[in-house]
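Here is what each chain is made of, one letter per residue.
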Amino acid sequence: MKKRWTALLLALAMLSALAVGALADEQKKDETAAETAQTTPDAAGTLRFENLGARMKEKSYALLALEESIALVESTDYEKVEQELRDGLNEIADAQWGMTALGSAGTAALSKVPTKEGSPDASDYALAGAVNAVGGAVGRLASQSLQTQYDALRERFDDVRDGKLQRDNEGVVRQLKSMENNTVQMMQNVYITLLGLEEQSAALARQDAALDRTLAELELRYQLGQISTMTLEQAKAGKIQLESGKATLDMNITALRRQLNAMVGEELTAPLTLGALPAVTAEQLSAMDVEKDLEKAKAASYDLYAAKKTLDDADEEYDDSGAKSYYNERDYKKVQARHKWQSAQYTYNATVQKYELTFRSLCDKVKDCAQILSAAKVSLECERSDLAAAQLRYEQGTISENALHTAEEELYTAQDTVSGAERDLFTAYNNYRWAVDYGLLAG
């Protein structure tokens, strides 16, 4: 009997671990962004945007842990789980039968004890009665515990036999893959942000050099008595503030670089050179079809899937409440379940509506970024023409060297504007593709 109870407890513990709760699923994608193979391996000390996901999948501890979790769920042998659950049910049933038999034996033994008052065996009868009463109470508690365990195990058994546990675990895999994709998308945004910050740092370095030229001119004018001490000191203070801002910016760049290095398996302080972002082509923009793409995005979205499961659970609870109340529409539990289901329906509708609004905003963002880039390119061409004219005037001696440098700075600024617009367009389009292909909406 002791071995039987030990086996029963071990079986219950194991089966409980195997059947840990999960979410349901409608579909399973074969590919994720994190599983994209490297198109061309990166040279040592470099990282291209196109290879970021693949390198994270190979080296990121966060993604490797998620992959192991997915493998753990997918390794479940449902036939063995069903058999183990069946064995556990049989173990509990045997234990219940044994307790019933033991209780019957105790009642039979008590019936054989003399009951005559004053007899020498009266104390034996009282003791036996007390023992039987205690045993009966313990037996009832044990029987209730066994029945509770049996009911829980039976529910799990039915879930496996009906395929519910399988669907739940498929939902778990889908959720974990969504977490993988979210992680890759987040690091892609870090990559893009780094390129932008480094461009800003270079622009501040140019401004600092320009201030040095300005300060040299002001020093000379100060010595000639053309400007006041305050004017000179204000210019120097401006340089200090600029250098302080650049130092803070560079510190943030260093922190983001460490984060990116860690996610691709590089040394935290490695000076990794980042490649340029891919260009968004006119063909890619013209291929966008908001209505068709929206349907694909909704089908791929884990968030919408989870919201639908919540609605389905509320619908099932509503049906169960009807059966329990014998379909009495005035029963308060039935009324409450109906309100709960209606609330879940509205919540689901609101979730879908919000998703559609956000998706359409992503599409609008791509179009807006495209027109901003076009305008920035026009301005850049104008600045190139202005610089060419300034160089000619400088060669003719009609403008100073500082004036020429000013024209050069304006060209650099226009180039930075175009570069930023290209980066914004790529970010918007990349977020749009994440939504279409994997249902992820940038937060």
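Residues numbered from 1 in each chain as written. Predicted model: local features only at pLDDT ≥ 70, side-chain atom pairs only at ≥ 80, totals over all residues. Heavy atoms only, no water.

### Re the packing of aromatic side chains
For the record, the criterion: Stacked, tilted and edge-to-face are the three classes applied to pairs of Phe, Tyr and Trp rings, where Trp contributes its six-membered ring and a pair requires centres within 6.5 Å; stacked means planes under 30 degrees apart, edge-to-face means over 60, and tilted covers the rest. Per the convention used, a helix needs a DSSP run of H or I reaching at least four residues, while a strand needs a run of E reaching at least two, with both numbered from the N terminus. To sort residues, take the accessible area from a 1.4 Å probe on protein chains only and compare it with the maximum for the residue type: under 20% means buried, over 50% means exposed, and anything in between is partly exposed.
Applying the stated criterion across every chain, the model contains six aromatic pairs. Ring geometry for Phe-49 versus Tyr-191: centroids 5.4 Å apart, planes at 75°, classification edge-to-face. Here the residue Phe-49 occupies a position in the loop between β1 (46-47) and α2 (52-59), and Tyr-191 occupies one in helix α6 (residues 164-223), the gap between them amounting to 142 residues. Of the two residues, Phe-49 and Tyr-191, neither departs from the other in class, the shared state being buried. Pairing Tyr-318 with Trp-341 gives two aromatic rings, centres 6.3 Å apart and planes at 25°, and the pair type is stacked. Of this pair, Tyr-318 sits in helix α10 (residues 302-324) while Trp-341 sits in helix α11 (residues 332-395), placing them 23 residues apart in sequence. With relative accessibility at 17%, the residue Tyr-318 sits in the buried group.

### Some remarks on the packing of helix α3 (residues 61-74) against α6
Formally: Fitted lines through C-alpha atoms serve as axes, helices being fitted only where they are in contact, and the angles separating the N-to-C directions of these axes extend from 0 to 180 degrees. Roughly parallel means an angle under 35 degrees; roughly antiparallel, over 145; roughly perpendicular, 65 to 115; everything else is oblique. Each crossing gets its handedness from the near helix: less than a right angle anticlockwise from the far helix is left-handed, clockwise is right-handed. Whether two residues are in contact is decided by their heavy atoms: any pair within 4.5 Å suffices. Any residue outside Ala, Val, Leu, Ile, Met, Phe, Trp, Tyr, Cys, Pro, Asp, Glu, Lys and Arg is labelled polar, Gly included; the first ten of those are nonpolar and the last four are charged.
Between α3 and α6, whose axes approach to 9 Å, the crossing angle comes to 170°. Taken together, the axes of α3 and α6 are roughly antiparallel relative to one another. The hand of the α3/α6 crossing is left-handed. Taking contact as the criterion, the partners of Leu-63, Leu-66, Glu-67, Ser-69, Ile-70, Val-73 and Glu-74 in α3 are, on α6, Asn-169, Val-172, Val-173, Leu-176, Lys-177, Met-179, Glu-180, Thr-183 and Val-184. Here the residues of the contact of α3 with α6 sort into nine nonpolar, three polar and four charged.

### Comments concerning the packing of α2 against α6
Running from N to C, α2 and α6 point in directions that differ by 125°, and their axes come no closer than 10 Å. What the angle tells us is that α2 and α6 run oblique. As α2 runs across α6, the sense of the crossing is right-handed. Seen from α2, the contacting residues are Leu-52, Gly-53, Met-56 and Lys-57; seen from α6, they are Glu-180, Thr-183, Val-184, Met-187, Gln-188 and Tyr-191. For the contact of α2 with α6, the per-class residue count stands at five nonpolar, three polar and two charged.

### As for the side chain of Gln-188
The line we're drawing: Identification of polar contacts relies on pairs of N or O atoms within 3.5 Å, with a donor-acceptor requirement for protein atoms, meaning one able to donate a hydrogen and the other able to accept it, and with residues adjacent in sequence counted only if both atoms are side-chain atoms.
Along the polypeptide, Gln-188 turns up in helix α6. Assessed through its relative accessible area of 9%, Gln-188 is described here as buried. A polar contact of 2.8 Å, which involves the side chain of Gln-188, links it to the side chain of Asn-430. If we ignore the near neighbours within four places in the chain, the residues touching Gln-188 are Phe-49, Leu-52, Asn-430 and Trp-434.

### Description of the environment of Asn-402
Examined against the element boundaries, Asn-402 turns out to sit in helix α12 (residues 401-438). Judged by relative accessible area, which is 29%, Asn-402 ranks as partly exposed. Note: C-alpha distance between Asn-402 and Thr-214 (188 residues apart in sequence) is 8.1 Å. Setting aside its immediate chain neighbours within four residues, Asn-402 contacts Arg-213 and Glu-217.

### Considerations on the confidence of the model for the chain
For clarity, the threshold we go by: Values of pLDDT, ranging from 0 to 100, describe the predictor's confidence in every residue of the model.
Averaged over all residues, the pLDDT of the chain equals 82, while 79% of them reach at least 70. Within the chain, the element-level pLDDT minimum falls on helix α1 (residues 2-18), averaging 38, and the maximum on helix α9 (residues 290-300), averaging 97. For the stretch residues 1-36, pLDDT sits under 50, and the model shows 75 contacts to residues farther than four places along the chain or on other chains.

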